[in-house]
Amino acid sequence: MTPTPTVFVDSDVIISSLLSQAGAAYLLLHQKNIKLFISNLSLRESGMVADKLNIPKDKFDNLVQKRVHMVKLKETPKELKIKYKNYVLDLNDAHIVAGSILAKVNFLISYNIRDFKVDKIKTDLGIICLTPGEFLQYLRSL
Amino acid sequence: MNLTQDQRVYTPEQVANLLQLSKKTVYDLISRGEIIAKRVGKVYRIPTSSLSFVFTGLDFDLYQADKEDRKQLGKIERALSKMRSKL
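Predicted, not measured: the structure shown is a model, and the values here were computed from it.

Trainee: Looking at this structure, how should I read the overall build of chain B?
Mentor: In terms of regular secondary structure, chain B is built from five helices and three strands. Secondary structure elements in chain B, listed N-terminal to C-terminal, are β-α-α-β-β-α-α-α. Principal-axis analysis of the C-alpha atoms gives chain B an extent of 65 × 20 × 20 Å. Within chain B, the proportion of its 87 residues that are buried is 25%.

Trainee: Sorry, what's going on with the pairing of strand 3 (residues 43–47) of chain B here?
Mentor: Within a regular strand, the side chains alternate between the two sheet faces. Residue and element names in this part refer to chain B. Strand direction decides the pairing type here: strand 1 (residues 9–10) and strand 3, joined by two bridges, are antiparallel. Bridge assignment links V9 to a residue of strand 3, and that residue is P47. One ladder, built from three bridges, connects strand 2 (residues 38–40) with strand 3; its direction is antiparallel. Looking at the pairing, V40 lines up with V43 of strand 3.

Trainee: What's the story with the interface of chain A and chain B in this structure? I'm lost.
Mentor: Quite often, the size of an interface is put as the accessible area lost when its parts meet. On the side of chain B, 19 residues touch chain A, which itself brings 27 residues to the contact. The set of elements that each furnish at least two residues to the side of chain A that touches chain B consists of helix 1 (11–19), helix 2 (24–29), helix 3 (40–52) and helix 8 (132–140) of chain A. Split into classes, the residues belonging to the side of chain A that touches chain B amount to 14 nonpolar, nine polar and four charged.

Trainee: What's the story with the nonpolar core in this structure? I'm lost.
Mentor: Soluble, globular proteins show a tendency: their nonpolar side chains are buried together. By size, the foremost hydrophobic cluster in this structure holds 48 residues, and its most contacted members are V9, L28, F37, V97 and L108 of chain A. Ignoring anything within four residues of it in the chain, the contact list for L28 of chain A reads V13, S17, I109, P132, F135 and L136 of chain A. Core analysis: the second largest hydrophobic core is formed by eight residues, V15, L29, I35 and L51 of chain B among them.

Trainee: What should I look at first to understand the pairing of strand 1 (residues 6–9) of chain A in this one?
Mentor: Residues and elements named next belong to chain A. The pairing of strand 1 with strand 2 (residues 35–39) spans three bridges and is classified as parallel. Within strand 2, the residue paired with F8 across the bridge is F37. Of the pairings in the sheet, the one linking strand 1 to strand 4 (residues 107–109) comprises three bridges and is parallel in character. Residue V9 lies in a different strand from strand 4, and its bridge partner there is I109.

Trainee: What should I look at first to understand the packing of helix 1 (residues 12–19) of chain B against helix 2 (residues 23–31) of chain B in this one?
Mentor: Two packed helices can be described by the angle between their axes and the distance between those axes. Residue and element names in this part refer to chain B. Contact geometry of helix 1 with helix 2 gives a least axis separation of 8 Å together with a crossing angle of 105°. Between helix 1 and helix 2, the crossing angle belongs to the class labelled roughly perpendicular. Counted together, P12, E13, V15 and A16 of helix 1 and K23, V26, Y27 and I30 of helix 2 form the full contact between these two elements.

Trainee: Just to check I follow, could you spell out the sheet that holds strand 4 of chain A for this structure?
Mentor: Note: strands within a sheet are paired through backbone hydrogen bonds, in either parallel or antiparallel orientation. Residue and element names in this part refer to chain A. One open sheet holds the five strands; their spatial order is 3-2-1-4-5, and the pairing between them is parallel. Strand pairing shows two members of the sheet lacking a second neighbour, strand 3 (68–71) and strand 5 (128–130), which therefore form its edges. Pairwise comparison of adjacent strand axes, ignoring direction, gives a mean angle of 35° for this sheet. Direction of pairing for strand 4 relative to strand 5: parallel, over a ladder of three bridges. Directly across from I109, in strand 5, lies its bridge partner L130.

Trainee: Would you mind going over unusual backbone geometry with me for this structure?
Mentor: Negative phi is the rule for most residues except glycine; trans is the rule for most peptide bonds. Even without glycine at this site, N33 of chain A takes up a positive phi of about 65°. As for its position among the elements, N33 of chain A is in the loop between helix 2 and strand 2.

Analysis parameters
- In every chain, residue numbers begin from 1 and rise along the written sequence.
- Labels are handed out in written order, letters beginning with A for the chains and numbers beginning with 1 for the ligands.
- For a predicted model such as this one, the threshold for reporting local features is a pLDDT of at least 70, and the threshold for listing and counting side-chain atom pairs is 80 or more; totals across whole chains, interfaces and linings nevertheless cover every residue.
- The secondary structure listing takes helices from DSSP runs of H or I that are at least 4 residues long and strands from runs of E that are at least 2 residues long, numbered from the N terminus.
- Any residue with 12 or fewer other C-beta atoms within 10 Å of its own C-beta is exposed, any with 20 or more is buried, and the rest are partly exposed; the C-beta atoms used are placed from the backbone.
- Being paired, for any two strands, means DSSP has found at least two bridges between them.
- Here the contact rule is simple: place C-beta atoms from the backbone, and any two residues whose C-beta atoms are within 7 Å are in contact.
- Side-chain classes follow a simple rule in which Ala, Val, Leu, Ile, Met, Phe, Trp, Tyr, Cys and Pro form the nonpolar group, Asp, Glu, Lys and Arg form the charged group, and the remainder, Gly included, forms the polar group.
- The term nonpolar core refers to a set of buried Ala, Val, Leu, Ile, Met, Phe, Trp, Tyr and Cys residues connected through C-beta atoms within 7 Å.
- Lines are fitted to the C-alpha atoms to define the axes, a helix being fitted only along its stretch in contact, and any angle between axes, read from their N-to-C directions, falls within 0 to 180 degrees.
- When describing relative orientation, an angle under 35 degrees is termed roughly parallel and one over 145 degrees roughly antiparallel, while 65 to 115 degrees is termed roughly perpendicular and anything else oblique.

All we've got here are geometric facts, nothing functional implied.
Below, the structure is given as structure tokens:
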């Protein structure tokens, strides 16, 4: 039996899933048989973005409560930038890598793959970076 | 490549070459509905959308779902980038 894939979801995917029900992000967030994670920092930033984009708070809260598990990063964003600088091209994305490691996931799903050093993340951490569509395609191959 | 606007069609033989399959396998896939083809008289023609995976790495429905998200991605990334710089 194939083990349940574990997935850290970047905030752009969370927000995309709330803006369109026809998109790959929505399909991903509503997949069964996968375990989805975010971190306390990505929860905070995606909450702020949802607010800025006028996504109803109850819609956001409902998704987070029902569909994702949360891991709590103890370091500050500044500490995370120093610790994980070798895994990202944009230092502001370091907490996403940190969250993925803490959650011990197999996959990091983002629409912003270009800002992650995907080969290094795969080699050093054993985490595969994919877009939502690519991950859904992978699920079909199981 | 915009698959929804691509008007090209392929013969089963061309598809066999593209997918590195035998012609027989392509006909089997057509008869099982895994490759959607149009029968024109005695021959088949296969639209580009049926070959989405070959061109995009995604099945056609996932390709469309990906495209749907990308319509709003610009504003999401801009807002997110601003928030992240404040964390």
